[in-house]
Structure formats: structure tokens, C-alpha cells
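What the coordinates show
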Amino acid sequence: MMIHDGHVHTPFCPHGSKDSFIKYCETAISHKLTGITFAEHAPLPRSFVDPTPLQDSGMSWDDLYTYLKEVRALKKEYKGHLNIYVGLEVDYIEGFEKETTDFLNEIGPSLDDSILSVHFLKLGTEYVCIDYSPDVFHYACNQLGSTEAVYELYYQTVLKSVKSNLGHYKPNRIGHMTLVRKFQKKFPIDRSFQTETSSILAEIKKKGYELDYNGAGYIKPLCREPYPYDSIIEETIKRNIPLVYGSDAHQASSLLNGYTELHPKSILAKPNPLRD
Ligand SMILES: [Zn+2]
Ligand SMILES: [Zn+2]
């Protein structure tokens, strides 16, 4: 099996487990993975106020350089056994494009791989972390008037993230593009969003990006499907968009999350290198 897990969190994640890097790497080797991308949540823009109760959505700024140093050291240590990519999961936050670009310009040269994800939605003057809890999701539905309106805004924001100009070091992989469905079993919708998801795929293709084929959704009790789900994957394959598997593991035992539910033939053996 040639599997690279392109979306793995680390002990630096403030809302994840404290499993050590070694534990992640040894577990990856025991699963016969060929490589992993450590893609910790990048620190959020300094002027952005994290709306989650513990403000723990991203890595702390104080940890950033230690994180990069430790992953670089592991990469050397495991050379020949496990291909370790130094990466980050970077948030696309509407209205914070300039700060995000400055951040990427500074940190981009140190990265092998990275993911651009939408977790925060702008509701008027406030932001919500849409995958935080069913209650927060429900709050967003009330604010916008319907569940469908939340979906619409999520997909619009993902489309903006793909189109956004975040400079030379913009990540070339779009994270969990259907994360808005994390609580779908509790908040069903009454229409298909195929037009919206197709526009996103068309733009991803145009830009030459990859898609995070994320197994975590399958594990979530209110979701039970990968991000993105099967019909989008079929379209992705038709459009010839590269898919990179991601477990989105926040603990070592979650490596390979949902993998058996995916369509393995369509998955790249490893991510494409970041453009240089
Ligand atoms: Zn996380
Ligand atoms: Zn994420």
C-alpha cells in the first residue's frame, strides 16, 4: 500500500491529544504508511479573535518555530523509513487575507506541504467556528435563517478561499471541502448543493490545486461520510483533480481514519510538491 497521510495533527494542537510525534511516526510505520504530512493548525492571524470558548483553534504563536524545528528534526531522523513532510493547515478567514499572505510569505519557504481550510464563517460582524459543535452550527442556522443558508455561505467561503490571492506560498491543497456537513444527520438539508460544489471543483482544477480526501467525517457520528462525499469524488476524478488522503488525526490511533470507506484508486501516492 502506497499511502501518504497528508493531514495529521500533533502534540502542538491545543485541542488535540498530547500523543508524541514518535507515537504518530511509529503508528504510521506499523500501518505501513509511506509518509505523513504534519499539518498542525497554523497560528491564527494576530488581529483575529478566535470565537471558540477556549480560543484553541490554532497553534500558539510562541510554539510555531519550535514546532517547525521539531518536525524538521523528525524528518531527518526517519529518513528512509517514513517520508515526513513539514506542513501546516492554514485557515482561510474572510477579511484576513492580507495577514494570512504576510504569514505565508514568512513561513512558506520552511514548508514541504500545506492545506488551506475553512473552519470560520463570517456572519455579519462576527465569526463562528462552524465545526465546533452542533450548538454553534445551530446558532449559525438561526442567525442566517436556515440550514441551507449556512451551507451556501460555507461553499461561498470555500470558493473564495480557492480564488483568493494569498501570495506565492498559498497552500495548494483544499482541506475538507464539505466540513459544513459534519453535523448533517442532526441538521438535514432540503436541496443539493451540486452547483456550488461543482464551481469549487472547477476553480480548483483551474488553479491546479489538490483536494484533501479526508476520512475524519466518516468517523464523526453525526456525519458518517468522508469530506467530500462520493458523488463529489466521482466528479473530482472526472475532472482529473488530484486527491490526497487525510486522516485529520488528532491522536496517533486515528491515523488511517475512514480510509477503508474511500476510493483508494483515485488517491495520489503522495502530495505534489509545493511550487517553488
Ligand atoms: Zn483540529
Ligand atoms: Zn481542519
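Structure: see above.
Quick look at the structure, then. (Residues numbered from 1 in each chain as written. Chains lettered and ligands numbered in written order. Predicted model: local features only at pLDDT ≥ 70, side-chain atom pairs only at ≥ 80, totals over all residues. Heavy atoms only, no water.)

**Notes on the environment of Gly-35**
Take Gly-35: it is sitting in strand β2 (residues 35–41). On the basis of relative accessible area, Gly-35 is assigned to the buried category, the value being 0%. With 47 residues separating them in the primary sequence, Gly-35 and Leu-82 have C-alpha atoms 5.0 Å apart. Among residues more than four places away in sequence, those in contact with Gly-35 are Ile-3, His-4, Asp-5, Leu-82 and Asn-83. (Helix = DSSP H or I, 4+ residues; strand = E, 2+ residues; numbered from the N terminus. Buried < 20%, exposed > 50% of the residue type's maximum accessible area, 1.4 Å probe, protein only. Contact = heavy atoms within 4.5 Å.)

**Points about the packing of helix α1 (residues 21–30) against helix α2 (residues 64–77)**
Describing two packed helices takes the angle between their axes plus the distance from one axis to the other. One can describe the packing of α1 onto α2 by two numbers: an axis separation of 11 Å at closest approach and a directional angle of 35°. Judged by the sense of rotation from one axis to the other, the crossing of α1 with α2 is right-handed. For the pair formed by α1 and α2, the contact residues are Phe-21, Ile-22 and Cys-25 on the first element and Tyr-67, Glu-70, Val-71, Leu-74 and Glu-77 on the second. (Axes fitted to C-alpha atoms, helices over the stretch in contact; angles between N-to-C directions. Left-handed = near helix turned anticlockwise from the far one by under 90°.)

**Concerning the pattern of salt bridges**
Using the criterion set out here, one finds twelve salt bridges in the structure. Residues Lys-160 and Glu-94 are paired through a salt bridge, measuring 2.7 Å at the closest nitrogen-oxygen approach. With a gap of 66 residues between them, Lys-160 in helix α5 (residues 147–163) and Glu-94 in the loop between β3 (83–91) and α3 (97–107) connect regions that are remote in the sequence. Between Asp-102 and Lys-98 there is a salt bridge; the shortest N-O distance is 2.7 Å. (Salt bridge = Lys/Arg side-chain N within 4 Å of Asp/Glu carboxyl O.)

**Re the coordination of the zinc ion (ligand 1)**
Coordination sphere of the zinc ion (ligand 1), protein contribution only: His-15 (NE2), His-41 (NE2) and His-250 (NE2), at 2.0 to 2.1 Å. In this structure, the zinc ion (ligand 1) lies 5.5 Å away from the zinc ion (ligand 2). Placement of His-41 in strand β2 and of His-250 in the segment after β9 (243–246) is noted, with a sequence separation of 209 residues between them. (Donors = N, O, S within 2.8 Å, 3.2 Å for Na, K, Ca; no water.)

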